[in-house]
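Coordinate analysis (summary)
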Amino acid sequence: MTEQMRTSTGGEALVRALAAHGVSTAFGIPGTHNLEIYRHLAAYGITHVAPRHEQGAGYAADAYARVTGDPGVAITTTGPALLNIAAAVGQAYSDSVPLLVVSPGMPLRHPRQSTGLLHEMRSQTEALRNVAAFSHRVSSVEEIGAAVARAFSLFRTERPRPVHIEVPLDLLEATEPAGPVRRAPLVAPRAADGPSLDAAAALLAGAARPGLVLGGGARGAAEQCRALAERLGAPVATTANGKGIVDERHPLALGVSLHSPSVQKWLADCDIVLAVGTELAESDLWSTPPALDGRLIRVDVDPAQMYAGLPADVALVGDAHATMQALKERLARVPAPASTDAATRTTAAVRASRDDETRARDARWVPYLEAIRSVLAADAVVTSDSAQCCYYGALPHLPVGPEGRYLHPTGFGTLGYALPAAIGAKTACPDRQVIAISGDGGLQFSVQELATAAQLQLPLPVVVFDNGGYGEIRDEMAARGDTPAAVDHARVDLAGLARAFGGRGAPAHSPANSPRS
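Now for a description of the structure that goes with this document. (Residues numbered from 1 in each chain as written. Predicted model: local features only at pLDDT ≥ 70, side-chain atom pairs only at ≥ 80, totals over all residues. Heavy atoms only, no water.)

1. Some remarks on the sheet that holds strand β4 (residues 72–75)
Taken together, the 6 strands give an open sheet; going across it, the order is β3-β2-β4-β5-β7-β6, and neighbouring strands pair in parallel fashion. The outermost strands of the open sheet, each flanked by one partner alone, are β3 (47–49) and β6 (134–137). Taking the axes of each pair of neighbouring strands and ignoring which way they run, one obtains an average angle of 25° across the sheet. Inspection of the sheet shows β6 paired to strand β7 (residues 163–168) by 4 bridges, in the parallel sense. Looking at β7, one finds that Ser135 is bridged to His164. (Pairing = 2+ DSSP bridges. Helix = DSSP H or I, 4+ residues; strand = E, 2+ residues; numbered from the N terminus. Axes fitted to C-alpha atoms, helices over the stretch in contact; angles between N-to-C directions.)

2. Points about the nonpolar core
Nonpolar side chains tend toward joint burial in soluble globular proteins. With 40 residues, the main nonpolar core has Phe27, Ile85, Val89, Val101 and Leu460 as its most contacted residues. Elements represented by at least two residues in this core include exactly α3 (54–68), α5 (86–94), β5 (99–105), α17 (418–428), β17 (434–439), α19 (449–455) and α21 (494–500). Among the elements that take part in this core, α3 stands out by supplying 8 residues, more than any other. Each residue touching Val101, except ones within four places of it in the same chain, is listed here: Ala74, Thr76, Leu82, Ile85, Val89, Val163, His164 and Ile165. (Core = buried A, V, L, I, M, F, W, Y, C linked by side-chain atoms within 4.5 Å. Buried < 20%, exposed > 50% of the residue type's maximum accessible area, 1.4 Å probe, protein only. Contact = heavy atoms within 4.5 Å.)

3. Let's talk about unusual backbone geometry
At Leu280, a position not held by glycine, the phi torsion is positive, near 50°. Mapping Leu280 onto the fold places it in the loop between β12 (272–276) and α12 (282–285). Residue classification places Leu280 among the buried positions, given a relative accessible area of 3%.

4. Description of helix α1 (residues 10–20)
A large share of α1 lies buried, amounting to 9 of its 11 residues. Within α1 the residues assigned to the buried category are Gly10, Gly11, Glu12, Ala13, Leu14, Val15, Arg16, Ala17 and Leu18. The elements touched by buried residues of α1 are β1 (7–9), α2 (35–41), β4, β5, α7 (141–157) and α8 (169–173). The positive-phi residue at the C-terminal boundary of α1 is Gly22, with phi of around 85°.

5. Structural notes on the side chain of Thr414
If you trace the backbone, Thr414 turns up in the loop between β16 (405–407) and α17. Owing to a relative accessible area of 9%, Thr414 belongs among the buried residues under this scheme. Residues within four places of Thr414 in sequence aside, it is in contact with Gln55, Tyr59, Gln91, Asp385, Ser386 and Pro409.

6. Section: the pairing of β7
The buried fraction of β7 is high, at 6 of 6 residues. Side-chain alternation along β7 places Val163, Ile165 and Val167 on one buried face and His164, Glu166 and Pro168 on a second face that is also buried. When β5 meets β7, the two strands line up parallel, connected through 6 bridges. Across the sheet, residue Leu100 finds its bridge partner in β7, namely Val163. Taken together, β6, α7 and β7 constitute a β-α-β crossover, and its handedness is right-handed. (Right-handed = clockwise from strand over helix to strand, strands pointing away.)

Take a look at the structure:
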């Protein structure tokens, strides 16, 4: 039988299309309506990981994508399961993560009038279309392959963002012509256009006070960004998603500190700012972007970013690696400064001023973070939550280099990310250290995933800073002069809970008695 004549169920066609695009791992939970998908996973070499909640499956797939660079895949069933994963889809959209969610949907000819079918909802595609890059409901078995290829084309050629594919549940079971395997084309990364690169190189070559800001979109250009910073004598600040692209112990590194008034003043005083793969958004700066005294060069694969937030004076639309390499080559023709000592002194002074701003606030976390750092390998993966101990503590005070990774839910700012994300990262990188850092409030959004980690026998430390509730919101209420309400939790024996789920747990009352393994 030729490929054109081949028939299969919709479930097999879907799994075959995923395997054809190199998918080897999927996260999700089986349900009544998606069993035909699960039937075929093993035959096509796809390993499945089953978290305890669909939101956890989404966060795990998100982290898998971040550490591998390949799309993360999550499988849900209909209705509530798909809505459960919607928060993870929103987080992936905010952080430009290639996440593919596949689910069944109501039958092809399901009437508009409600019939009370199990998990029935008015429109899954409309719900997901508003949090994903697109939601594609197929209308035949043959269309499934094209829908998967469409998703991978977006991942490879545009700003990576989540996609939802819905297969009507009757099509999952139907046997129809499946057609040939459709594969998304491989597209070579393209640099920005030559005239724009020339203009940017001329500005940077003449800069007296240059600065670099790196976001998650710069990760593929880490070596080029570091080399350019050194050649220009430019301090480097990063967003949360750009953490560690340039080693945070480098003498030109300001780390994740764009929210610092001192760093914002430095940024505003630069005569040229080169921003790579970042939105320069409120969630990065914790405020509206500052007015810049100098010129702004932006590098981004998404042309719309050139006019969002701070508009670019020079727009370099293209792949970060290819564009930064081309920029580096142009600047190689320009004599390098005799010394970067002045830039190093500037960086050290801004760092010291930044630390003075927050020394009292952050003192409670720093000793513990130093203890954690002392036992982590250079290539360790750290996952974190939208918690005080992370955005005040670990983001600025737990140094990471380009060999390692720090995964943080920026922008959308979801809670409950750290633990399931650590499971996804450890699944992707079983030979690397992976550690989750969370607060007690955030952990309890997804604490059931301790059972997943225990069942998979993952060596996965989970460090929880317990402030008895939602500390950030408690502080915000107090700052407004309000009486704190609904922010204090009854104490939970989290170490005992870890043991109940099949893991190990121990309290650490000081950095000196923190567990070291």
